Amino acid sequence: MGQQEEKQQGWEENRDLCTAEQAKSNGKTMQGQNGLQTKKESVQEHNPVHAPIPGLGLRSMKTALAAVLTALLYAFLPNSNPTFACIGAIFGMGADMEDSRRNGGNRFFGTIIGGFIGLGLYWLEHRIFPEGNYWLRLPLVFLGIVIMITVCVLFRWPGGVQPGGVVLCIILFNTPAHHIDYAINRMIDTGVGVVISLLVNYLLPRSRVEHWFRLDHPGRQRKKSAAEEERKH
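Residues numbered from 1 in each chain as written. Predicted model: local features only at pLDDT ≥ 70, side-chain atom pairs only at ≥ 80, totals over all residues. Heavy atoms only, no water.

Draft legend 1. Structural context of the packing of aromatic side chains. By the definition in use, this model includes four aromatic pairs. For the ring pair Phe109 and Phe155, a centre distance of 5.7 Å and an interplane angle of 55 degrees mean the geometry is tilted. Taken together, the residues Phe109 in helix α4 (residues 97-128) and Phe155 in the loop between α5 (134-154) and α6 (161-173) connect sequence positions 46 residues apart. The exposed category is assigned to Phe155, whose relative accessible area is 53%. Taken together, a centroid distance of 5.9 Å and an interplanar angle of 25 degrees make the contact between Phe109 and Trp157 stacked. Of this pair, Phe109 sits in helix α4 while Trp157 sits in the loop between α5 and α6; the two residues are 48 residues apart in sequence, bridging distant segments of the chain. Ring-pair connections join several aromatic residues into one group, and the members of that group are Phe109, Phe155 and Trp157. (Phe/Tyr/Trp six-rings, centres within 6.5 Å; stacked < 30°, edge-to-face > 60°. Helix = DSSP H or I, 4+ residues; strand = E, 2+ residues; numbered from the N terminus. Buried < 20%, exposed > 50% of the residue type's maximum accessible area, 1.4 Å probe, protein only.)

Draft legend 2. Local environment of the packing of helix α3 (residues 83-92) against helix α7 (residues 179-203). For the pair α3 and α7, the least separation of the axes is 7 Å and the interaxial angle reads 40 degrees. Looking at the two axes, α3 sits oblique to α7. Pair α3 / α7 crosses with right-handed handedness. When α3 is examined against α7, the residues Phe84, Ala85, Gly88, Ala89 and Gly92 are found in contact with a partner set consisting of Tyr182, Arg186, Asp189, Thr190, Gly193, Val194 and Ser197. A class-by-class count of the residues in the contact of α3 with α7 yields five nonpolar, five polar and two charged. (Axes fitted to C-alpha atoms, helices over the stretch in contact; angles between N-to-C directions. Parallel < 35°, antiparallel > 145°, perpendicular 65-115°, else oblique. Left-handed = near helix turned anticlockwise from the far one by under 90°. Contact = heavy atoms within 4.5 Å. Nonpolar A, V, L, I, M, F, W, Y, C, P; charged D, E, K, R; others polar.)

Draft legend 3. Expanded view of the environment of Ser80. With respect to the helices and strands, Ser80 occurs in the loop between α2 (58-74) and α3. Sequence separation between Ser80 and Asn185 is 105 residues, and the spatial gap between their C-alpha atoms is 9.5 Å. A distance of 3.1 Å separates a polar atom in the side chain of Ser80 from the backbone oxygen of Tyr74. There is a polar contact of 2.6 Å between the side chain of Ser80 and the backbone oxygen of Leu77. (Polar contact = N/O pair within 3.5 Å; in protein donor to acceptor, adjacent residues only side chain to side chain.)

Without other data, these values stay purely geometric and don't point to any function.
Here is the structure:
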């Protein structure tokens, strides 16, 4: 009887082990399928509208248009440079208004934070060394970037770290004598570019452009649906 009980117990342990391994294997399979599905969905989200060049869609056209309109606006402003405004327009363009608000907000918020931190560090450096000191500037850059990242995380704008870091470094390493005017002008320029990108995205939504260029024709829609079905399989 003792041997039979031991054999029975061994069978049950083997069965439990096999069941656990099978469950683990099924879990990995489901994760792989979910990952593949997510990848397919992300690919479907970027769906250029019958672009002759692969990957060139409405967002690309609207990004280029926003940059050109920004540069055109600055052509009528004397002694102005559209560089930062065009960069703001490019950063601010998104697939839709929500995405554009997020991208533009990252750029604008980061520029403001980086600008004010850069101004403070610039003032501190020239307070200690009126002519400036490169070796003091190095630890100030380290301190400024750490502060900027902390502020962006606290305000839940982690996307503002990169544009803020760019502005901070420009102020510390490449700022003219009128550093306050320079920093404030860069903030304004970025805001102008972001606003123009938001306007372009608002005035030219995908549905409106598709209607203008007859891209919402039923025949085109059927081809588009068939292509999506092929990608799914």
